[in-house]
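Analysis of the macromolecular model
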Amino acid sequence: MFRAIADVLRQIGGAVATVVTLPFRAVARLFGGASSSTRSRRA
């Protein structure tokens with residue numbers, strides 16, 4: 001019983017974590033690409 005509840009909570013937590021981190025990853029990629037491009041231009 002507790003194992004089933006724990007598994008469900010883990011799945012929900014994983015889904016929430018992915019949904020929350022996806023936009024941050026996209027923003028990080030945008031800023032990361034911009035910073036890398038500016039660095040390459042300066043060098």
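The following refers to the structure shown. This structure is a prediction, so every number in the text was calculated from the model and none was measured. (Residues numbered from 1 in each chain as written. Predicted model: local features only at pLDDT ≥ 70, side-chain atom pairs only at ≥ 80, totals over all residues. Heavy atoms only, no water.)

Let us look at the overall build of the protein chain. Looking only at helices and strands, one finds one helix and zero strands in the protein chain. The buried share of the protein chain, taken over its 43 residues, is 0%. (Helix = DSSP H or I, 4+ residues; strand = E, 2+ residues; numbered from the N terminus. Buried < 20%, exposed > 50% of the residue type's maximum accessible area, 1.4 Å probe, protein only.)

Summed over all chains, the structure comprises one salt bridge. Taking the shortest distance from any N to any O, the salt bridge between Arg-10 and Asp-7 comes out at 4.0 Å. Of this pair, Arg-10 and Asp-7 are both found in helix α1 (residues 2–42), three residues apart, which corresponds to roughly one turn of the helix. Assessed through its relative accessible area of 64%, Arg-10 is described here as exposed. Asp-7 gets classed as partly exposed once you look at its relative accessible area, which sits at 40%. (Salt bridge = Lys/Arg side-chain N within 4 Å of Asp/Glu carboxyl O.)

Looking now at a nonpolar patch on the surface. Taken together, the side chains of Met-1, Phe-2, Ile-5, Val-8, Leu-9, Ile-12, Val-16, Val-20 and Phe-24 present a nonpolar region at the surface, about 1000 Å² in accessible area. Within the fold, Val-8 resides in helix α1. (Patch = residues over 30% accessible without salt bridge, like charges linked within 9 Å, V, L, I, M, F, W, Y side chains within 5 Å. Areas by Shrake-Rupley, 256 points an atom, 1.4 Å probe, with all protein chains shown as cover.)

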